[in-house]
Structure formats: structure tokens, C-alpha cells
Amino acid sequence: MISYWHNPRCSKSRAGLALLQAHGAEVQTRAYLDDTPTISELKEVVAALNISAVDMMRTGEKLFKELGLTKDSAEPDLLSAMSLHPILIERPIAIADGKAVIGRPTEALMTLL
């Protein structure tokens, strides 16, 4: 089972979901903008991605700058911002068996199949 943090309004997110389904993957979607991940969940995904929190953020979002965040902000501040403002989370993210991948490019999702 692949847990898929999905924004149905995002073309990349829709394309990633279609790719996984076309390959017969069992996918459970999570509308993360409505079902906001907790800080604990975000920490788990950052660890599964093997990256820093800022690398799974949409740093180009206007809100990122409005909140006074930078690429050098402390990890707890970045995690808190993503939990409070899930629009800052890069999309899509697919998680399975302790591994995770950001679906940019979409083909990156194939590593979970």
C-alpha cells in the first residue's frame, strides 16, 4: 500500500497518482491540505526521504517568505510551519514500507513500485 499525499488541484499530483494506478499500485490518497500531517508525521517523512525539512518545502510559496522562513531556518520551525500551513509541503509525496519519494519529476515515484 502506498500512502499518497495528494493535492487534486495540482497537475503533477494528478499525474503521479495516474502513474501509480496505471502500474497497478494500491494507493491510499491523503488530501494533506485538509488532513494536515502532524509534526511527528512530517519528521517521519523527512527521515524516510533522507533529506532536511526545507527540501520537502515549497520555498517559492509567498507564504514561506511571509512567515519569515529561509532555507537556513531551524528544522523545528520548518516542521511547525508545514504542520500549520500544509500548502508549504512539496507535492506529491508517496510513502511505502518506510521509504518515501517526492514525485518531482513524476517518474521518481517509480522507485516505490
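Residues numbered from 1 in each chain as written. Predicted model: local features only at pLDDT ≥ 70, side-chain atom pairs only at ≥ 80, totals over all residues. Heavy atoms only, no water.

A. Summary view of the sheet that holds strand β4 (residues 99-102). Spatial ordering of the open sheet is given by β2-β1-β3-β4, a layout of four strands whose pairing is mixed. One side of each edge strand has no neighbouring strand; the edge strands of this open sheet are β2 (27-31) and β4. Adjacent strand axes in the sheet meet at a mean angle of 20° when their direction is disregarded. Pairing analysis gives four bridges linking strand β3 (residues 93-96) to β4, with the strands arranged antiparallel. The partner of Ile95 across the bridge, within β4, is Ala100. Together, β1 (2-6) and β2 form the strand contacts of helix α1 (residues 11-22), whose direction differs from that of β1 by roughly 160°. Relative to β4, helix α2 (residues 39-49) is tilted by about 85°, and along the sheet it contacts β1, β2, β3 and β4. (Pairing = 2+ DSSP bridges. Helix = DSSP H or I, 4+ residues; strand = E, 2+ residues; numbered from the N terminus. Axes fitted to C-alpha atoms, helices over the stretch in contact; angles between N-to-C directions. Contact = heavy atoms within 4.5 Å.)

B. How the structure looks around helix α4 (residues 75-84). Taken residue by residue, α4 has Leu78, Leu79, Ala81, Met82 and Ser83 as its buried positions. On its buried side, α4 packs onto α2 and α3 (62-66). (Buried < 20%, exposed > 50% of the residue type's maximum accessible area, 1.4 Å probe, protein only.)

C. Fine view of the environment of Ile39. Topologically, Ile39 is positioned in helix α2. Assessed through its relative accessible area of 35%, Ile39 is described here as partly exposed. When the C-alpha positions of Ile39 and Leu79 are compared, they lie 6.0 Å apart, and in sequence the two are 40 residues distant.

D. Spotlight on the packing of α2 against α4. In the contact formed by α2 and α4, the axes pass within 9 Å of each other and the chain directions differ by 115°. The hand of the α2/α4 crossing is right-handed. Taken together, the residues of α4 that come into contact with α2 (itself represented by Ile39, Leu42, Lys43 and Val46) are Glu75, Leu79, Ser80, Met82 and Ser83. Looking at the contact of α2 with α4 residue by residue, the class counts come to five nonpolar, two polar and two charged. (Left-handed = near helix turned anticlockwise from the far one by under 90°. Nonpolar A, V, L, I, M, F, W, Y, C, P; charged D, E, K, R; others polar.)

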